[in-house]
Amino acid sequence: MTGLSKIPKNGQVLTIPAHRPFIDDLAAGLLRIHNEMANPTAEGLAGLTVLLPNRRATTALETALIQLKDQQAFFLPRIMAIADAPDALEALAFDDSSSAIPPMIDDLLPAIDPLRRRVLLAQEIRLWHRHRDQPVPATNLALKLAAGLTDFLDEMQLENQPLEALESLDADDYTAHWGLILDFLDILKTRWPQILASERVLDPMDRRDRSIRALADFWTANPPDQPVIIAGSTGAIPATTHLISSLATLSNGIVVLPGLDRDLDQASWDVLDPSHPQYGLKRLLDGLDMERHEVTDWSVGLRENSDPEEPITTPAVKARAHLLRLALRPVATTPSWATTSPPEGDAWKGLTMIECRRPHEEAITVALALREVLETPKKKAALVTSDRGLARRVAAELRRWNIMVDDSAGSPLAATRAGAFWRLVIETVATNFNPISFASLCQHPLAAAGYDAGAFRILARRFIGTALRGPRPAPGPDGLRQALNQARFDPKTAEKDSTQITAWLETILSCLTPLTAWADRQPSSDSAVIDLIARHKAAVTALATSDSQAGKERLRHRADGQAAIDLMDRLITAFEGDHNIDLTLSHYATLLADVMAEVAVRPAYGGHPRLFIWGPLEARLQHCDRIIIGGLNEGSWPRHVATDPWMGRHMRQEIGLPPPEQRIGLAAHDFAQLVAAPEIILTRSTHVAGAPSEPSRWWRRLSLFAPESASERSPQPYRHWARQLDQSMPVVQCPLPDPKPPLERRPERISATQVRTLIKNPYIFYAQRILRLQALDPLDADPDAAMRGQAIHKTLEIFIRRYGDALPDDAVAKLCTIGQDVLAPLLASPSWKAVWWPRFQAIADWFNHWEQQRRAAGIVPVASEILGEIPLEDKKILAAKADRIDRLPDGRLVIIDYKTGHLPSWQKVMRGEEPQLPLEAAIALKNGFQGIGPHAGVARLAYLRLNGGKPAAGKESVKKIDEKNLCITEAQDGLNRLLQHYANPDQGYRAIQRFENRSWTESGPKPYNAYDHLIRLKEWS
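Residues numbered from 1 in each chain as written. Predicted model: local features only at pLDDT ≥ 70, side-chain atom pairs only at ≥ 80, totals over all residues. Heavy atoms only, no water.

Moving on: the overall build of the protein chain. Counting its regular elements, the protein chain contains 41 helices and 21 strands. Each of the 1021 residues in the protein chain was classed as buried or not, and the buried ones make up 51%. Pairs at least 24 apart in sequence give 76% of the contacts found in the protein chain among residues at least 6 apart. Just so you have it, the protein chain exposes about 48500 Å², and 51% of that area is on carbon and sulfur atoms. (Helix = DSSP H or I, 4+ residues; strand = E, 2+ residues; numbered from the N terminus. Buried < 20%, exposed > 50% of the residue type's maximum accessible area, 1.4 Å probe, protein only. Contact = heavy atoms within 4.5 Å. Areas by Shrake-Rupley, 256 points an atom, 1.4 Å probe, with all protein chains shown as cover.)

Below is the structure:
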């Protein structure tokens, strides 16, 4: 082999030790091979062919070669990724020196799109159930079952096992339902090959397997003239093992193994189990019929005058290797720990293990360790984790220093801006315009509907604030229109606002018409899913169009938008020709969320050049000055071995599938490769989601050999820094809020109901009347006690105004009819209708009986929900709205207040703590209620409790007024003194600790107050 004469016999199989930077050493070795050629030229390097496990490794190798060449012009070798690019492998067949094409490769059919495959299998699953008279699963459920079938099919093809192997399993040896499972899997064995033939495609794994094997066979029959190097693979896939075996026998073939441990004791090597890091490499060497000592070091074998036994490691590296070898020893030889010398002190040099209390603390700790690296010029660092939540948290924490780091694993399309927009459009229509979905859609940055995007969101906020808050409107577009018609606008601009928002709403509904029309149609067999997808695309495009940019352009603006459009095109292709599939909108929304979660969106550029976040797959063969392995908890890394839904462990073994622990072995190899680096930090959280977490098995093993003092393993106090970073200064107790607005801002007019608030908590009165702050109703709110009370008040108001002179014969029926109209928005809630409508009917019956007794006694209503006011001292005005005023036969009045909750005690009323009724009586005494006519004074105050409970649906509580009207006079005098008290500019509206006031708590727990967060109660109480 030209240029490789210095490699020893059987030197075609080499290894790069775990502690060495794999890609950098590989690049240096490639340049050495090129330089040892007979006539090395810049073009000669292009004759080399390098096969690597994944595309990230190919990019890293290209970068390493460019850096080694130091701005010299040269041609890169042909660098290919084995796993990710079977089509690229086909290109290797076309050699300038030979017109031969590998057999099979030229005739390979294209690979079927995974979505198309899932749809076709879902159809077969539905047919299988139908032919056996079993309930046919919905299309979206069938698609989930199809995903499980495709996973099983991929594994069988990946391991090069024919489906006919299933026939070797005897159903009698297993559980009773195995025969049914075997019958179900017959879909793959019998029907699926026919479908692939009709579609003229191949399964992706099958096509990749054929490509790799055909290439191996071609090179065996036609040995390449130039060196071919396959590096970094452990041969976990049989097809890759076949390729490695073929290259190892060629004169120009070179195999570079990652991190082969040639120093592991023979006893452990002989009993390696599938979960050990070296198991895959041992199995590969067994297939090559080689021993470990025959594998040469890549760096040694390519140096001039090199000695295979020449040490290339420092004492610290040797000690670290000994530590890993000892800690990860196979289970069968772990008893030798008792007789094995402990690792030397240098083993922990550069190795840090940090346990954090919570994932948030772990994220800050990792971010600090990454941030510190930037203080050293040219130094690089990477976080390697399979915990995507930790990766997102670390990226977010780094932004506090304006450091943008991209997660190489990407973000699920469903979690991106564009993905959310596509999902919100379909979910809004599928949920029949649920207020929360509609509000989220209207406020999305991509929503414009022909408007300027900013103006569109302003109108959206106005519509939500005026029409959408409170109880859920009626379903559908008509419900939104009705809510808008009932909205209350500022009287000064009501007409203009109503016109603008109505036009805005109709524009949105017009954009969504394609989907609403689909929802209103009658399901039929010819309603193809691709029609629904096309309608979805049309609605999204129309809604994304702005006044200055087409919807397609706005949707494609970012990587996530392009990914979403590409996915929709794939969905159309996947469902093409399947006219018998009919999805409901809700099922389609679920399907879309599922497929979007499987699509990863990676930014094309913009990441930090020296900081990285990698997943375990992306980290293979990568190298940085500092490696941080995060999320080292069991179930995160390694991940829990998923249970095979189709067959058990023994069944898998019988048909030739590998044990589940083999995946753990691959993860263990990645872990061992990373931990062998000179500077490594391991982190984990002791609690996740509020529960104690289990440390990773590798963490536990390393901990067994850790020094006694934790500080010896923590040269940098990252965890301490993390806890200090967001620690606040000592809390200084704030004074009670006591705002003192100028006198001209203090209200001249006060209502009887607000007097109680001013007495109980002046700050709330200040927030309501002076700051004019009102709590917003929640979206899609369930009816609460306040809404129920308002509705009952309105119902009784209408009833009394209609039948104040005389009660009808069917008074209960009339009252219930009025109640149905008034309570219609509340009755839309099934729970409210089931619980409170029977109570309202009981209230109606009780109220009719009470009313008849009063009419028989000569007591008649004279006013309902009537407004009144009287002047007070210093030009102040007292106003009130009385629920009801009745006239006694002697001409005196009864002031009545409806209550749907607890009744205040008359002791509180007399003490002035509940002054509403006495103040309304004061207004009545001075004829402040217009329209009630002459009267002889106020005789009674009354509360009417209407809650529909048992044993009585209502209750009347009456307080007679003495002849001198003392309680009325005292209430008015007390109000004058109270207002005079706040007429002092130095008197503030002080917040009160209401939980210390027994009058607030004696009837139950502390009431919720919407102004507590403004008062900052917990900061000063």
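Spatially, six strands are ordered E3-E2-E4-E5-E1-E6 in an open sheet, and the strand pairing comes out parallel. A single partner strand is all that each edge strand has here, and the edge strands are strand E3 (78-81) and strand E6 (296-297). In this sheet, strand E5 (residues 253-258) lies alongside strand E1 (residues 13-16) in parallel orientation, the contact comprising four bridges. Bridging across to E5, Leu14 finds its partner in Val256. The sheet contacts of helix H2 (residues 55-69) involve strand E2 (49-52) and E3, and relative to E3 the element is tilted by about 155°. (Pairing = 2+ DSSP bridges. Axes fitted to C-alpha atoms, helices over the stretch in contact; angles between N-to-C directions.)

Our focus in this paragraph is the pattern of salt bridges. Opposite charge on two side chains permits pairing when their charged atoms draw close. Scanning all chains against the criterion turns up 53 salt bridges. In this structure, Arg892 and Asp890 form a salt bridge, with 2.9 Å as the shortest nitrogen-oxygen distance. Between Lys899 and Asp897 there is a salt bridge, and its shortest N-O distance comes to 3.4 Å. By relative accessible area, Lys899 is classed as partly exposed at 22%. Ionic contacts of the salt-bridge type, sharing partners, join the residues Glu851, Arg854, Arg855, Arg884, Asp886 and Glu956 into one network. (Salt bridge = Lys/Arg side-chain N within 4 Å of Asp/Glu carboxyl O.)

Turning our eyes to something else, we now look at the nonpolar core. Phe152, Leu185, Phe421, Phe438, Phe463, Trp504 and Phe575 are the most contacted members of the largest nonpolar core, which totals 98 residues. The biggest single contributor to this core is helix H6 (residues 178-199), with nine residues. The residues touching Phe438, leaving out its near neighbours within four places in the chain, are Thr428, Phe433, Phe463, Leu468, Leu480, Trp504, Leu505 and Ile508. Core analysis: the second largest hydrophobic core is formed by 47 residues, Ala863, Ile866, Leu941 and Ala991 among them. (Core = buried A, V, L, I, M, F, W, Y, C linked by side-chain atoms within 4.5 Å.)

Time to look at the sheet that holds strand E12 (residues 626-629). The parallel open sheet is built from five strands, whose spatial order is E7-E13-E12-E8-E11. Here the strands that pair on one side only, and so sit at the sheet edges, are strand E7 (351-356) and strand E11 (611-614). For this sheet, the mean angle separating the axes of adjacent strands, direction not counted, is 15°. Bridge count for strand E8 (residues 381-384) against E12 is four bridges, and the pairing is parallel. Its bridge partner lying in E12, Val384 is registered against Ile629.

A grouping of Leu771, Leu773 and Leu1014 is seen on the molecular surface, where their side chains present a nonpolar patch of about 210 Å² in accessible area. Note on placement: Leu771 falls in the loop between helix H31 (762-770) and helix H32 (785-803). With a relative accessible area of 39%, Leu771 lands in the partly exposed category. (Patch = residues over 30% accessible without salt bridge, like charges linked within 9 Å, V, L, I, M, F, W, Y side chains within 5 Å.)

Quick look at the pairing of E2 now. The two faces of E2 match: Thr49 and Leu51 on one face and Val50 and Leu52 on the other face are all buried. Sheet topology note: the E2/E3 ladder contains four bridges and is parallel. Paired with Leu52 across the two strands is Ala81, which belongs to E3. Two elements, E2 and strand E4 (residues 228-231), share three bridges in a ladder whose sense is parallel. Among the inter-strand pairings, Leu51 is bridged to a residue of E4, identified as Ile230.

With that out of the way, let us pick up the packing of helix H13 (residues 359-373) against helix H29 (residues 718-725). The contact between H13 and H29 brings their axes to 8 Å, and the two run at 110°. The pairing of H13 with H29 is recorded here as roughly perpendicular in orientation. In the packing of H13 onto H29, the handedness of the crossing is right-handed. Residues Glu361, Ile364, Thr365, Leu368, Ala369 and Glu372 of H13 pack against Tyr718, Arg719, Trp721, Ala722, Arg723 and Leu725 of H29. Taken together, the residues that form the contact of H13 with H29 break down as seven nonpolar, one polar and four charged. (Parallel < 35°, antiparallel > 145°, perpendicular 65-115°, else oblique. Left-handed = near helix turned anticlockwise from the far one by under 90°. Nonpolar A, V, L, I, M, F, W, Y, C, P; charged D, E, K, R; others polar.)

For the rest of this paragraph, the subject is the packing of aromatic side chains. Under the counting rule described, the total for this entry stands at 22 aromatic pairs. On the numbers, 6.3 Å between centres and 90° between planes, the contact of Trp637 with Phe671 is edge-to-face. Taken as a pair, Trp637 in the loop between E12 and helix H26 (649-654) and Phe671 in helix H27 (residues 661-675) lie far apart in primary sequence, 34 residues in all. Judged by its relative accessible area of 3%, Trp637 is buried. (Phe/Tyr/Trp six-rings, centres within 6.5 Å; stacked < 30°, edge-to-face > 60°.)

A few words on the side chain of Arg701. Here Arg701 shows up in helix H28 (residues 697-704). At 6.7 Å, Asp273 is the nearest oppositely charged side chain to Arg701, a buried residue that forms no salt bridge. Only 2.6 Å separates the side chain of Arg701 from the backbone oxygen of Arg329, close enough to count as a polar contact. Excluding anything up to four places from it in sequence, Arg701 contacts Ala327, Leu328, Arg329, Val331, Thr334 and Trp337. (Lys, Arg positive; Asp, Glu negative; His and termini not counted. Polar contact = N/O pair within 3.5 Å; in protein donor to acceptor, adjacent residues only side chain to side chain.)

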